[in-house]
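Listed below, chain by chain, are the residues.
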Amino acid sequence: MTKKRDAAIDLTSAQFREIGHDMVDRIADLLENMRNRPVIGNKTPGEIKGLLGSGDALPEKGSDPIVLARNGAELLIENSLYNGHPRFFGYITASPAPLGILADFLASAVNPNVGAWQLSPMATEIEIQTVRWIAELLGYPVDCGGLMTSGGNLANFVCFLAARVDAGGDEIRAQGFNSESARKLRVYTSNETHTWIMKAADLFGLGTDSIRWIETDDMQRLDMNSLRSRVEEDRKAGLIPMMVSGTAGTVSTGAIDPLPEIAEFCREQGIWFHVDGAYGGFAAAVDMVDEDIRGLAEADSVAVDPHKWLYAPLEAGCALVRDQAKLRKAFSYHPPYYHFGEETINFFDHGLQNSRGFRALKVWMGLKQVGREGLVGMIEEDIRLTRDMYGALSANEELQTFTCQLSIATFRYVPPELKENINDVEVAEYLNKLNEEVLNRLKTSGEIFVSNAVLNDQFILRVCIVNFRTTYDDVRAVPEIVVRFGRKADGELRPEKLKTGKVSS
Ligand SMILES: *Cc1c(COP(=O)(O)O)cnc(C)c1O
């Protein structure tokens, strides 16, 4: 037998088993008992740094892997925000699927490089199948191009780059900033669109001034008339509309743009139609959602985020491009040192990365575990829970509700004596300040975790449920908790002159 090399980083098989079994036991305990823990601990950044020993120098000598793994697990498990907690309602971050956790473990163990088929035969085929199933779920053509990305931002970037080359041609790839078209390309999107579009316009050479921010209606949806006139105006000025980006589920309020109308307009005009479905895209598989969402099936490209409503552990995004050739056209190079066959997909030709990890495995296992039926059932339940919470929030005298779309609801705390005067400037300012304070206190309370939105200059609270652990008891507990924090903060913060409730203006 060949003698094993005594490498510092290797583990013996016995060590590997010991550490692995211990870690799996700790994770199983965490999942089992998460509900009984605070959503987040209330340690300060200083305390966290202290626990870590953040100023310690790089260790000169190594340490015992068994002790190290145990300490690492403790540090993380005891000092984290649990976005898998049933009362985590912040941002749009999902509870991670337990099988997905294990799938990531398996993926790193086999460690396929999903940049090229030869380096990852089964993994590449699994990713191809995953992308096709995601398209199928959305009602999108299954012969589309696409690949897994790190998240929604990167998925949107992939689509943006495909649109850029479609509009600017080879010239923009070769000449970049100096090409004729680079200065003329314009992108159209509503002012509720996520910041990914600013990063994309900036990073990929168009500049943020190339974004035409289209106004929204009172449901936070892109206004078609404004879009039409803006495109017309730009064409007259000799500019080139590169893309219209609609959103299926905006990040603030879950609004769905009029996607079928945008699709029709883009077809008439020959403009690339992109849909950012990072949050809401998967709800296209669900009947109880506004019909407009089905318009994403007509888009030239769609970005979705399996680490949101497919409950995959971070990170997993997915870009779909209707015409696979256009996706390749944006990314493909053939340097002499790569000799990979053309008979199947080499994903390095389809996106920004070269070496690629196996993100698809956890998503693929999730889809197989629950099937379309299971997934639709969970998304529907998240939406029903949100509507239920919205009802309970609306029924409470001390809370004012604003919107409830997909699985996002918005509301704020309003002391009863101030209700009559919420439009008075001083009251409006105070309510913003009060709700910001309520948000900060709720976030560190460990009882529930919510985030915020700004709607018509009002600072409001926001809940989002992408969480298969949340129950009706959890959502019904929310109004009482918010009111309790609201009363307390109001008692401490209200300025003297607003105390009577009578406002002189
Ligand atoms: C979350 C989100 C993004 C960004 O996705 P990441 O996965 O955080 O990169 C973009 N757009 C919308 C609508 C989102 O909800």
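Everything quoted here is computed from the prediction, not taken from an experiment. (Residues numbered from 1 in each chain as written. Predicted model: local features only at pLDDT ≥ 70, side-chain atom pairs only at ≥ 80, totals over all residues. Heavy atoms only, no water.)

Student: So, the pattern of salt bridges: which residues are in play, and what are the values?
Tutor: For the structure on display, the rule yields 34 salt bridges. Across the pair Arg221 and Asp292 runs a salt bridge, and its minimum N-O distance is 3.3 Å. Remark: Asp292 occurs in the loop between strand S5 (272–277) and strand S6 (301–304) and Arg221 occurs in the loop between strand S3 (211–214) and helix H8 (224–236); sequence separation between them is 71 residues. For the pair Arg221 and Asp292, one class covers both residues: buried. For Glu315, the salt bridge identified is with Arg359, shortest N-O distance 3.6 Å. Highlighted residues: Glu315 in the loop between helix H10 (306–309) and strand S7 (317–321) and Arg359 in the loop between helix H11 (324–331) and helix H12 (360–394), separated in sequence by 44 residues. The class for Glu315 is partly exposed, based on a relative accessible area of 41%. Owing to a relative accessible area of 15%, Arg359 belongs among the buried residues under this scheme. Ionic contacts of the salt-bridge type, sharing partners, join the residues Arg212, Arg230, Glu233 and Asp234 into one network. (Salt bridge = Lys/Arg side-chain N within 4 Å of Asp/Glu carboxyl O. Helix = DSSP H or I, 4+ residues; strand = E, 2+ residues; numbered from the N terminus. Buried < 20%, exposed > 50% of the residue type's maximum accessible area, 1.4 Å probe, protein only.)

Student: Tell me about the side chain of Asn467, residues and numbers included.
Tutor: If you trace the backbone, Asn467 turns up in the loop between strand S11 (458–464) and helix H14 (472–493). Among the polar contacts made by the side chain of Asn467, one reaches the side chain of Ser95 at a distance of 2.9 Å. The residues contacting Asn467, other than those within four sequence positions of it, are Asn83, Gly84, His85, Pro86, Phe88, Ser95, Tyr311 and Asp382. (Polar contact = N/O pair within 3.5 Å; in protein donor to acceptor, adjacent residues only side chain to side chain. Contact = heavy atoms within 4.5 Å.)

Student: Explain the pairing of S6 to me, and be specific about the residues and the numbers.
Tutor: Side-chain alternation along S6 places Ser301 and Ala303 on one buried face and Val302 and Val304 on a second face that is also buried. Pairing geometry for S5 and S6, over four bridges, is parallel. Bridge pairing links Val275 to Val302 in S6. Here four bridges tie S6 to S7, and the two strands are oriented antiparallel to one another. By the bridge assignment for S7, Ser301 is matched with Val321. (Pairing = 2+ DSSP bridges.)

Student: Talk me through the packing of helix H6 (residues 152–175) against helix H7 (residues 196–203); I want residue IDs and the actual numbers.
Tutor: Where H6 contacts H7, the axes come no closer than 10 Å and their chain directions differ by 45°. As the angle between them shows, H6 and H7 are arranged oblique. Taken as a pair, H6 and H7 cross one another with a handedness that is right-handed. Facing H6, whose interface residues are Asn153, Asn156, Phe157 and Phe160, H7 presents Trp196, Lys199, Ala200, Ala201 and Leu203. Of the residues in the contact of H6 with H7, the class split is six nonpolar, two polar and one charged. (Axes fitted to C-alpha atoms, helices over the stretch in contact; angles between N-to-C directions. Parallel < 35°, antiparallel > 145°, perpendicular 65-115°, else oblique. Left-handed = near helix turned anticlockwise from the far one by under 90°. Nonpolar A, V, L, I, M, F, W, Y, C, P; charged D, E, K, R; others polar.)

Student: Account for the sheet that holds strand S9 (residues 408–413), with residues named and values stated.
Tutor: One open sheet holds the four strands; their spatial order is S8-S9-S11-S10, and the pairing between them is antiparallel. Of all the strands in the sheet, just strand S8 (399–405) and strand S10 (451–455) have a single pairing partner and so form its edges. Strand-to-strand twist across the sheet, computed as the mean angle between neighbouring axes with direction ignored, equals 35°. Sheet analysis places S10 next to S11, joined by five bridges and oriented antiparallel. Within S11, the residue paired with Asn452 across the bridge is Leu461. Set on the sheet, helix H13 (residues 425–445) makes contact with S9, S10 and S11; between it and S11 the angle comes to about 30°.

Student: Break down the packing of aromatic side chains for me, with residues and values.
Tutor: Applying the stated criterion to the full structure yields seven aromatic pairs. Both rings, one in Tyr91 and one in Phe449, keep their centres 6.1 Å apart while their planes meet at 50°; by these two values the pair is tilted. Residue Tyr91 is found in the loop between helix H3 (65–78) and helix H4 (98–110), and its partner Phe449 is found in the loop between H13 and S10; the two are separated by 358 residues along the sequence. Of the residues examined, Tyr91 reaches a relative accessible area of 41% and is grouped as partly exposed. An angle of 85° between the planes, with centres 5.3 Å apart, marks the rings of Phe157 and Phe204 as edge-to-face. Pair noted here: Phe157 is in helix H6 and Phe204 is in the loop between H7 and S3, with a separation of 47 residues, a long-range link. (Phe/Tyr/Trp six-rings, centres within 6.5 Å; stacked < 30°, edge-to-face > 60°.)

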